[in-house]
Amino acid sequence: MTTTTPLVDPRVIALAHYAGRALLQHVLDRHGMTFEQSVTLRLAAIADGPVGREQLVNGVTEALKTDAGQVHGVLDELIAARLLAPAGEAEVRITDAGRELYATTSGETAPVTARIYDGIPAEDLAVTGRVLTLITGRAGTELAALTR
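Values in this document were obtained by computation on a predicted structure and should not be read as measured data. (Residues numbered from 1 in each chain as written. Predicted model: local features only at pLDDT ≥ 70, side-chain atom pairs only at ≥ 80, totals over all residues. Heavy atoms only, no water.)

Draft legend 1. Region of interest: the packing of helix α3 (residues 53-64) against helix α4 (residues 68-80). Running from amino to carboxyl end, α3 crosses α4 at an angle of 120 degrees, the nearest separation of the two axes being 9 Å. One way to sum up the angle between α3 and α4 is to call them oblique. The handedness of the crossing between α3 and α4 is right-handed. Every residue of α4 that contacts α3 at Arg53, Glu54, Leu56, Val57, Val60 and Thr61 is listed here: Ala68, Val71, His72, Leu75, Asp76 and Ile79. (Axes fitted to C-alpha atoms, helices over the stretch in contact; angles between N-to-C directions. Helix = DSSP H or I, 4+ residues; strand = E, 2+ residues; numbered from the N terminus. Parallel < 35°, antiparallel > 145°, perpendicular 65-115°, else oblique. Left-handed = near helix turned anticlockwise from the far one by under 90°. Contact = heavy atoms within 4.5 Å.)

Right under this line is the structure:
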């Protein structure tokens, strides 16, 4: 019996997403973090200095397709945990504790990610990246049309 490779479809994409997210969540759980907090902290960590609160909210909202009010709540949680700190009227900055936590969780997930991607030819990764980027863009356009 031969097994055929499935064509990419919503189920295949979802299975890959949830498999990866489960691995990440396993790491985050050890540090008392939620997925949403991790995404938010990452955007603050990769910024060059303080970032506008609304810019951060917009980045997380766009990435997770979630409500801005929820993201403001996540920001408040990260500030209360002293992983982010207010920086002026409308900006936040990552704290040393936040940067350390981000580095720790990134460091713990990096070897797992490397093992997952090991041996996949670069050209396959490039095609997959192009296709998923196209699908993401089209889905974003459809979502925008539905929410107008």
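There is more to say, and it comes next.
Draft legend 2. Main features of the nonpolar core. Within the largest apolar cluster, 20 residues are counted, with the highest numbers of intra-cluster contacts made by Leu41, Leu56, Leu84 and Ile94. Secondary-structure elements contributing two or more residues to this core are α2 (35-45), α3, α4 and β3 (91-94). Filtering out sequence-adjacent residues up to four positions away, leucine 84 remains in contact with Leu41, Ala44, Leu56, Leu75, Leu78, Ile79, Val92, Arg93, Ile94 and Thr95. (Core = buried A, V, L, I, M, F, W, Y, C linked by side-chain atoms within 4.5 Å. Buried < 20%, exposed > 50% of the residue type's maximum accessible area, 1.4 Å probe, protein only.)

Draft legend 3. A look at the sheet that holds strand β1 (residues 51-52). Taken together, the three strands give an open sheet; going across it, the order is β1-β3-β2, and neighbouring strands pair in antiparallel fashion. Both outer strands of the open sheet, β1 and β2 (84-86), are each paired with one neighbouring strand and no more. As judged from the two bridges shared by β1 and β3, these two strands associate in the antiparallel manner. Among the inter-strand pairings, valine 51 is bridged to a residue of β3, identified as valine 92. (Pairing = 2+ DSSP bridges.)

Draft legend 4. Representation of the layout of surface pockets in the model. By volume, the largest pocket amounts to about 1,900 Å³. When residues of the lining of the largest pocket are traced back to their parent elements, those giving at least two are α1 (10-30), α2, α3, α5 (96-117) and α6 (122-146). It is α1 that provides the largest number of residues to the lining of the largest pocket, a total of 14 residues. Partitioning the lining of the largest pocket into residue classes produces 25 nonpolar, 13 polar and seven charged. (1 Å grid on protein atoms, 1.4 Å probe; cavity = no way out; pocket = protein on both sides within 12 Å on 5 of 7 lines; lining within 4 Å. Points joined across faces, edges and corners; volume = space filled by probe spheres on them. Nonpolar A, V, L, I, M, F, W, Y, C, P; charged D, E, K, R; others polar.)

Draft legend 5. Structural context of the environment of valine 12. Structurally, valine 12 can be placed in helix α1. Once you skip the residues sitting within four places of it in the chain, valine 12 turns out to touch Pro6 and Leu7.

Draft legend 6. Seen up close, the environment of arginine 99. Residue placement: arginine 99 occurs in helix α5. Since its relative accessible area comes to 40%, arginine 99 is described here as partly exposed. Separated by 58 residues in sequence, arginine 99 and leucine 41 have C-alpha atoms that sit 8.3 Å apart.

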